[in-house]
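Given next are the chains, with one letter for each unit.
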Amino acid sequence: MCATCGCSDETGIRVIDPEADGHGHGHDHVHPETQRTVLLEQDILAANDLLAENNRGWLAERAIHAVNLMSSPGSGKTTLLERTIRELGREFPMTVIEGDQETVFDADRIRATGCRVIQVNTGAGCHLDADMLAKALRTLDPPSRSTVFIENVGNLVCPALFDLGEGTRTVIMSVTEGSDKPGKYPHMFRTADVVLLNKIDLLPYVDFDVDAFLTALTQVNPRSRVLKMSATGGEGMDDWYGWLRERVDLGPTL
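Calculation notes
Residues numbered from 1 in each chain as written. Predicted model: local features only at pLDDT ≥ 70, side-chain atom pairs only at ≥ 80, totals over all residues. Heavy atoms only, no water. Buried < 20%, exposed > 50% of the residue type's maximum accessible area, 1.4 Å probe, protein only. Helix = DSSP H or I, 4+ residues; strand = E, 2+ residues; numbered from the N terminus. Polar contact = N/O pair within 3.5 Å; in protein donor to acceptor, adjacent residues only side chain to side chain. Pairing = 2+ DSSP bridges. Axes fitted to C-alpha atoms, helices over the stretch in contact; angles between N-to-C directions. Contact = heavy atoms within 4.5 Å. Parallel < 35°, antiparallel > 145°, perpendicular 65-115°, else oblique. Phe/Tyr/Trp six-rings, centres within 6.5 Å; stacked < 30°, edge-to-face > 60°. Disulfide = S-S within 2.5 Å. Salt bridge = Lys/Arg side-chain N within 4 Å of Asp/Glu carboxyl O.

> How should I be thinking about helix α4 (residues 130–140) in this particular structure?
Note that an α-helix has 3.6 residues per turn; residues three or four places apart therefore point the same way. For α4, the complete set of buried residues consists of A130, L133, A134, A136, L137 and L140. A side-chain oxygen of the first residue of α4 lies 3.2 Å from the backbone nitrogen of D131; this N-cap is D129. Immediately beyond the C-terminal end of α4, within one or two residues, lies D141, with a positive phi of roughly 50 degrees.

> How should the sheet that holds strand β4 (residues 147–151) be read in this particular structure?
Strand pairing in a sheet takes place through backbone hydrogen bonds and is either antiparallel or parallel in direction. Taken in spatial order, the 7 strands make up an open sheet running β3-β2-β4-β1-β5-β6-β7, and their pairing is parallel. Two strands close off the open sheet at either side, each with one partner strand: β3 (116–121) and β7 (225–228). Put simply, the sheet's adjacent strands are angled 20 degrees from each other on average, direction ignored. Pairing analysis gives 5 bridges linking strand β5 (residues 168–174) to strand β6 (residues 194–198), with the strands arranged parallel. Opposite I172, over in β6, you have L196 as the bridge partner. On the sheet, α4 packs against β2 (94–100), β3 and β4 and is oriented at approximately 150 degrees with respect to β3.

> Looking at this structure, how should I read the packing of helix α2 (residues 77–88) against helix α9 (residues 237–246)?
Helix packing geometry: the angle between the two helix axes and the distance between the axes. The contact between α2 and α9 brings their axes to 11 Å, and the two run at 70 degrees. The orientation of α2 with respect to α9, classified from their angle, is roughly perpendicular. Contacts from L80, R83, T84, E87 and L88 in α2 reach M237, W240, Y241, L244 and R245 in α9.

> What should I look at first to understand the packing of aromatic side chains in this one?
Between two aromatic rings, the relevant description is the distance of the centres plus the angle of the planes. Under the counting rule described, the total for this entry stands at 3 aromatic pairs. Ring centres of W240 and W243 lie 5.6 Å apart, and the angle between their planes is 10 degrees; on these two criteria the pair is classed as stacked. With W240 and W243 both in helix α9 and 3 residues apart, this pair spans about one turn of that helix. Note on W240: relative accessible area 0%, which makes it buried. The class for W243 is buried, based on a relative accessible area of 1%. Within the aromatic cluster, the residues linked to one another by ring pairs are F189, F208 and F213.

> Would you explain the state of the cysteines in this entry?
Evaluation of the coordinates by the stated rule reveals 1 disulfide. Paired by a disulfide, C126 and C158 hold their sulfur atoms 2.3 Å apart. Handedness of the C126-C158 disulfide follows from its S-S torsion of about -90 degrees: it is left-handed. Separated by 32 residues along the polypeptide, C126 in the loop between β3 and α4 and C158 in helix α5 (residues 158–161) bring together distant segments of the chain. The class for C126 is buried, based on a relative accessible area of 17%. Overall, C158 belongs to the buried group, its relative accessible area being 6%.

> What's the story with the pattern of salt bridges in this structure? I'm lost.
Pairing of side chains with opposite charge becomes possible as their charged atoms draw close. Overall, the coordinates contain 14 salt bridges when judged by the stated rule. Between R62 and E61 there is a salt bridge, with its nearest N and O atoms 3.4 Å apart. Overall, R62 belongs to the partly exposed group, its relative accessible area being 25%. Among the ionic pairs, R225 bridges to E246, the shortest N-O distance being 3.9 Å. Taken together, the residues R225 in strand β7 and E246 in helix α9 connect sequence positions 21 residues apart. Assessed through its relative accessible area of 55%, E246 is described here as exposed. Within this structure, E53, R56 and D163 form a network of salt bridges that share partners.

> Explain the pairing of β4 here, please?
Every regular strand shows the same layout, with side chains that alternate between the two sheet faces. β4 sits mainly inside the fold: 5 of its 5 residues count as buried. Neither face of β4 is exposed, since T147, F149 and E151 on one face and V148 and I150 on the opposite face are all buried. Relative to β4, strand β1 (residues 65–71) runs parallel, the two being bridged by 5 bridges. Across the sheet, the residue bridging to H65 is T147, located in β4.

> Sorry, what's going on with the side chain of T95 here?
Of note, T95 is situated in strand β2. T95 has contacts with C115, R116, L140, P142, P143, T147, V148 and F149, leaving out every residue within four places of it along the chain.

Right, here's the structure in full:
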């Protein structure tokens, strides 16, 4: 059991052999070690969810919109943030929380835009959790009626399981990845409020089936909005900015 995120170790691995006709894992009893793993996962997630609700209340009191940005490594999260801050930052205040296992490279890139940023290094951890966000928010102290972008650790598994108390969950998917990702990583896409299909300027040069991707996403999450864009070239960025504007609370705090 991973003490950080509740991911199963070798005791929880299932090996599926479609050609096997033996006993396998088709039996109806539960191994004790698997039961312990499930219970520990439930305890970890329950504790995190309680902290997430505290974060949600803290943010709501200040009318702060927190956006949890999740994706594979290299999908373009930081590039998206850099462009967003430079082109939209004069309209309403923005701050950034950067999550990575090590280094401050991405935080340095965000700081170069003039935006306030704090780096959270998770070490061996594969995601941010609600406690990490709570500490980061209190250090960053974002202003009321602002937007906080949370750039989560890059992977399509662990971040999907952990509610941070954010207002919206955004998944960034680049066309350099396979169009089958929603089917392979359903938990990530199932909870997304919006999916950004990034790097569309590369579509002529890569083998990516947009229609297959949209079909797979609809099967997992029919309510998610999809925005096609290129954070480098600028295509579709106005749709992203419009989506953000819709969620900015310019009224009085609670």
